[in-house]
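Here is what each chain is made of, one letter per residue.
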Amino acid sequence: MTLPYFYSESIVTGATTHVLEEEASRHVVQVLRMQNGEQLQLTDGRGNLFTAAITDNNKRHCLVNILTSTFQPPAQKKVVIGISLVKNAHRFEWFLEKATEIGVTEIVPLVCSRTEKQHFRMDRMKGILISALLQSQQSWLPLIHEPKRINNYLNALSAGTATKKMVAHCKAEEPRMELLSCQPFNDTILLIGPEGDFTIDEVELALQHDFKAVSLGSTRLRTETAGIVAATMLCMHA
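Just so you know, these numbers come straight off a predicted model, no measurement behind them.

## Quick notes on helix 6 (residues 223–236)
Residues three or four positions apart in an α-helix share a direction because the helix packs 3.6 residues into each turn. Compared with the 20 Å implied by 1.5 Å per residue over 14 residues, the 20 Å span of helix 6 between its first and last C-alpha is a close match. With ten of 14 residues buried, helix 6 is to be regarded as a mostly interior element. Thr223, Glu224, Ala226, Gly227, Ile228, Ala230, Ala231, Met233, Leu234 and Cys235 are the residues of helix 6 that are buried. Buried-residue contacts for helix 6 involve strand 6 (79–84), helix 2 (89–102), strand 10 (164–168) and strand 12 (188–192).

## Quick look at the environment of Gln39
Structurally, Gln39 can be placed in strand 3 (residues 39–43). Overall, the relative accessible area of 35% leaves Gln39 in the partly exposed class. Separated by 20 residues in sequence, Gln39 and Lys59 place their C-alpha atoms 16 Å apart.

## Section: unusual backbone geometry
Located in the positive-phi region is Gln137, a residue other than glycine, with phi close to 50 degrees. Along the chain, Gln137 turns up in the loop between helix 3 (122–135) and strand 8 (143–144). Judged by relative accessible area, which is 41%, Gln137 ranks as partly exposed. At Asp197, a residue that is not glycine, the phi angle is positive and equals roughly 75 degrees. You can see Asp197 is positioned in the loop between strand 12 and helix 5 (200–208).

## Considering the side chain of Thr199
Structurally, the position occupied by Thr199 is in the loop between strand 12 and helix 5. Look past the residues within four positions of Thr199 in its chain and what remains in contact with it is Ser113, Arg114 and Lys171.

## As for the sheet that holds strand 3
Judged by pairing direction, the sheet is mixed, and its five strands sit side by side in the order 1-3-4-5-2 without closing on themselves. Bordering the open sheet on either side are strand 1 (5–7) and strand 2 (17–19), each of which pairs with just one other strand. Across the sheet, the mean angle from the axis of one strand to that of its neighbour is 40 degrees, orientation sign disregarded. Where strand 2 meets strand 5 (residues 63–71), three bridges bridge the pair, whose relative direction is antiparallel. Bridging from a neighbouring strand, Val19 pairs with Leu63 of strand 5.

## Re the environment of Thr55
Structurally, Thr55 is set in strand 4 (residues 48–56). According to the relative accessible area criterion, Thr55 is partly exposed, its value standing at 34%. It is 46 Å that separates the C-alpha atoms of Thr55 and Phe185, two residues lying 130 residues apart in sequence. Among all residues touching Thr55, those that are not within four sequence positions of it are Asn36, Leu63, Val64 and Asn65.

## Here's the deal with the pairing of strand 4
Each regular strand displays side chains that alternate between the two surfaces of the sheet. Counting buried positions over the nine residues of strand 4 gives seven, a clear majority of the element. Pairing of strand 3 with strand 4 involves five bridges; the strand directions are antiparallel. Its bridge partner being in strand 4, Gln41 is matched across the sheet by Thr51. What sits between the antiparallel neighbours strand 4 and strand 5 is a turn of six residues.

## Some thoughts on the pattern of salt bridges
If charged atoms from side chains of opposite charge come close, those side chains can pair. The tally for this structure, following the rule as stated, stands at eleven salt bridges. Residue Arg46 pairs with Asp44 through a salt bridge whose shortest N-O separation is 3.5 Å. Using a relative accessible area of 40% as the deciding quantity, one classes Arg46 as partly exposed. Judged by its relative accessible area of 2%, Asp44 is buried. Across the salt bridge formed by Glu106 and Lys78, the nearest N and O atoms sit 3.1 Å from each other. Of this pair, Glu106 sits in strand 7 (residues 106–111) while Lys78 sits in the loop between strand 5 and strand 6; the two residues are 28 residues apart in sequence, bridging distant segments of the chain. A single network of salt bridges, built from pairs that share partners, joins Glu22, Arg26 and Arg60.

Calculation rules
The residue numbering used here restarts from 1 in each chain and proceeds along that chain's sequence as written. In keeping with the predicted nature of the model, local features appear solely for residues at pLDDT of at least 70, side-chain atom pairs appear and are counted solely at 80 or more, and the whole-chain, interface and lining totals rest on all residues. Only hydrogens and water are removed before side-chain values are computed, so all heavy atoms of the structure are retained for them. Starting at the N terminus, helices and strands are each numbered in turn, a helix being any DSSP run of H or I of at least four residues and a strand any DSSP run of E of at least two. For a helix, the expected span equals 1.5 Å multiplied by the number of residues minus one. Categorising residues by exposure relies on relative accessible area from a 1.4 Å probe, with only protein chains included: less than 20% of the type maximum marks a residue as buried, more than 50% marks it as exposed, and the intermediate range marks it as partly exposed. It only takes one pair of heavy atoms within 4.5 Å for two residues to be counted as in contact. In this scheme, strands are said to pair when DSSP sees at least two bridges between them. Each axis is a line fitted through C-alpha atoms, taken for helices only over the stretch in contact, and angles between the N-to-C directions span 0 to 180 degrees. Any Lys or Arg side-chain nitrogen found within 4 Å of a carboxyl oxygen on Asp or Glu counts as a salt bridge.

This is the structure:
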């Protein structure tokens, strides 16, 4: 039987005991009604996976003994999705959830010329990533950044990196490659624009920073859908 799975950012590698955060403690004791001696799994989101046994099922400060500890290596390739914020926050949150389940390693919320909404709550967004991490039982939490203006993000990227850099846009008059034709995928950064697409100037700026223009297919996709399509192609193909 699969053990209940929890996230604890504060767990110390090498420790023999650990006190769960209040929210996790309440879930263990009041929702799952777990008793002393029962086992669960913990991850710190940095590749460490712990098996632990409850020794004090306090609903606010549940104490566990660490029984075993293993390290899960990170994915062999790094997939970074830079994606515009969207007007409907729930749609952006849906993207975060699914991108985490698929295996994206880093997410950069972008503010572009045509981005309609710029409000962003880091605590809520990180909570969504954690929930998706636990749902998919992974041990690496994606890195998520505070929103960045696209020109600042592009100008801050290191030159000469071996990372494959791509920008997806919908301008049929501009030359683009099909994303799947760009295989094999190693470390990759892919940019997704807002509902109105990147402006010509934004595409040109990306190209000046050695990004390659790509297409995600023949249909016009919503921003969050384009993000998931790109994430699936990049993470699931060798």
